[in-house]
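Residues per chain, in single letters:
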Amino acid sequence: MPTPYLVETHNLTKQYGKNRCVNAVNMHVPPGAVYGFLGPNGAGKSTTLKMILGLARPTEGSITLFGTPVSEKNRMKLLAQTGSLIESPSYYGHLTGEENLRIIQTLKGCSEKDISEVLKIVRLSEARGKLVNHYSLGMKQRLGLAAALLGFPKLLILDEPTNGLDPAGIQEMRELVCSLPAAYGMTVLVSSHLLDEIDRMADYVGIIRKGGLIWQDSLESLHARSKEQIALRVSHTAIALDLLRQNGIEAAQEEEYLLLPMMDDAYVANLCRQLVAQNISLYRIEKREKSLEDIFLSLTGKESSL
Amino acid sequence: MLTFYIRAVRAESLKLKRSPVWLAFFSLPIISAFFGTMNYTLNIGVLKSEWYSLWSQHTFFLCYLFMPALIGTYCSYLWRLEHTRHNWNSFLTAPLPLSTLYLGKLTQAVRVSVLANLWIFLLFYVCGRLAGIRSPFPREALEWYLCGTLGAVVICCVQLLFSLMIRSFAIPVGIALAGGIFGLYMTNRDYGMNYPYSLYCMGMRANNPNMEIHIPALLVNSAGYILVFAALSIFYLRVHERAAD
């Protein structure tokens, strides 16, 4: 049965010695999406992307690209439709930016015109004749992106593309990544350890923690988890919970608090009256809002670095 | 397949622009020719076979020392391009078969060996004339050239494997030097045909007063070593995970 996803992994696992750095990851990247692959440093993002590109062999599991299971036989054909920037940009420092791109263009067998076009996209046209050893880190990163864009592949895999960029460069890279699906029909799989970055770039999110994919859905769904709630602290939590349920309110207990969905003031007042009538003392009524960062931390664990 | 091969060779040629290893290409044969010619002119009373005597002096240091070092340096440089600056990621995600990517490297190493050998023969001719040899240039030199170049290709294949496996630039060059020097011992013990670093010396007729070798054995052994070491390199490229480095 054909898969609706451009990239699909099934129980993808990578083990180095006893360490399972990627553990049964089932990633689904819809076509035309900017899929943000989010996770703390060392969570297994780069290893997963390397396995998708064939730079690392899975210990277990399988990968499907463009609806085709990846094998040694079709590796070349699938790579021809893929552009990538993994870890830091690859470059030959003794050559100019244009010469570096000419090497990739020759290997990919794409049109020479693409070189000028991708240089223009990443704003390196003026520096095309300069040795890459003399480029700044940001320019090297942009050159890496230009190399990945050569041939305008269907799938672009970018591993932490904003690393080492200044704030203006980060914003520029974000805007560029966001524009790619509409402008060139590309699907972008971009990794980052920065929640804010993924929030601004992606429309689909996968969160990885300690090698496992712990959340995957649209960005909207992630935002939906940040809805406002009302927190109650009362003298008899269990009785109060029963009462709320009798009133058709889906409440959840979190430590000493009862978490209720957002409701209007009149309804809250009515609930309070009912609780007091049952001899339940009300200690606290609070309005709570979970930020995206709270959700991320609750998913990835507070000990993880962001 | 031919298109892929041409693309790989072109890409490798582009990478070698502004390459500093051409210094070694020009200088090492000159040093070798200079010492060889000096030795010949200083011992002209003993060395009476003109071109053949001069050739014995030219090839002694060249075949056992300079040429393996030259090939070793060049092969180290070819893989160093990928060992540095995260270039394995782009090299291994190029949409070409790994065997073709390897052949692109091998072609560059062979190209340099062919040209270096031409340069060596040109220096030999010029030095001979400067040393006062007036007899015609030996016809067999073409055979020495072809057999020597085949032996050099064997060293290219061996060195490409070492330089692929070892990230250091200097260690494979050291192996080439040691391999070349040990080749002198192996050739003197009549094991030269079975030792990859000796095949160049044997093909070039270095340290060979009769100037005769068993050419079919040279062809078969060279072809065997080329195939084995090329296959090992391609296998290594296929199985070794750069991501784990």
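In the block above lies the structure referred to throughout.
So, a few notes on the structure that sits alongside this text.

Rules of the game
- Residues numbered from 1 in each chain as written.
- Chains lettered and ligands numbered in written order.
- Predicted model: local features only at pLDDT ≥ 70, side-chain atom pairs only at ≥ 80, totals over all residues.
- Heavy atoms only, no water.
- Helix = DSSP H or I, 4+ residues; strand = E, 2+ residues; numbered from the N terminus.
- Buried < 20%, exposed > 50% of the residue type's maximum accessible area, 1.4 Å probe, protein only.
- Polar contact = N/O pair within 3.5 Å; in protein donor to acceptor, adjacent residues only side chain to side chain.
- Contact = heavy atoms within 4.5 Å.
- Pairing = 2+ DSSP bridges.
- Axes fitted to C-alpha atoms, helices over the stretch in contact; angles between N-to-C directions.
- Phe/Tyr/Trp six-rings, centres within 6.5 Å; stacked < 30°, edge-to-face > 60°.
- Lys NZ or Arg CZ within 6 Å of the ring centre and 35° of its normal.

Another point: the side chain of Thr48 of chain A. All names here are of chain A. Within the secondary structure, Thr48 sits in helix 1 (residues 45-53). Here Thr48 falls in the buried class, since its relative accessible area comes to 0%. Looking at Thr48, its side chain comes within polar contact range of the main-chain oxygen of Gly44, at 2.7 Å. With residues up to four places along the chain from it excluded, the contact list for Thr48 reads Leu12, Val22, Met27, Phe37 and Ile208.

Moving on: the pairing of strand 4 (residues 34-38) of chain A. Residue and element names in this part refer to chain A. When you tally the buried positions in strand 4, you get five out of five residues, the bulk of the element. Side chains Val34, Gly36 and Leu38 of strand 4 all project onto a buried face; the interleaved residues Tyr35 and Phe37 project onto the opposite face, where all are buried too. Of the pairings in the sheet, the one linking strand 4 to strand 9 (residues 187-192) comprises five bridges and is parallel in character. When the sheet's bridge partners are listed, Gly36 is paired in strand 9 with Val190. Pairing geometry for strand 4 and strand 10 (residues 204-209), over four bridges, is parallel. Bridged to Gly36 within strand 10 is Val205.

Further remarks concern the sheet that holds strand 15 (residues 282-289) of chain A. Residues and elements named next belong to chain A. Strand order in the open sheet formed by four strands is 13-14-12-15, with antiparallel pairing between adjacent strands. On the outer flanks of this sheet lie strand 13 (252-254) and strand 15, each paired with one strand and no other. On average, each strand axis in the sheet is tilted by 30° relative to the strand beside it, whichever way the strands run. Relative to strand 15, strand 12 (residues 228-234) runs antiparallel, the two being bridged by seven bridges. Looking at strand 15, one finds that Ala231 is bridged to Glu286. Set on the sheet, helix 9 (residues 237-246) makes contact with strand 12, strand 13 and strand 14 (257-261); between it and strand 14 the angle comes to about 15°. The strands touched by helix 10 (residues 265-277) are strand 12, strand 14 and strand 15; relative to strand 15, the strand with the most contacts, the crossing angle is about 150°.

Attention now moves to the packing of aromatic side chains. Each aromatic ring pair is summarised here by two numbers: the centre-to-centre distance and the angle between the ring planes. Overall, the coordinates contain 26 aromatic pairs over all chains when judged by the stated rule. Consider the rings of Tyr195 of chain B and Tyr197 of chain B, whose centres lie 5.8 Å apart with planes at 45°: the pair is tilted. Taken as a pair, Tyr195 of chain B and Tyr197 of chain B share a single burial class, namely buried. Through pairs of rings, three or more aromatic residues link up here, namely Trp51, Tyr52, Trp55, Phe121, Phe124, Tyr125, Phe137, Trp144 and Tyr145 of chain B. Lying over the aromatic face of Phe66 of chain A, Lys154 of chain A brings its terminal NZ or CZ to 5.8 Å of the ring centre. Arg288 of chain A extends its terminal NZ or CZ atom over the ring of Tyr257 of chain A, reaching a point 4.5 Å from the ring centre.

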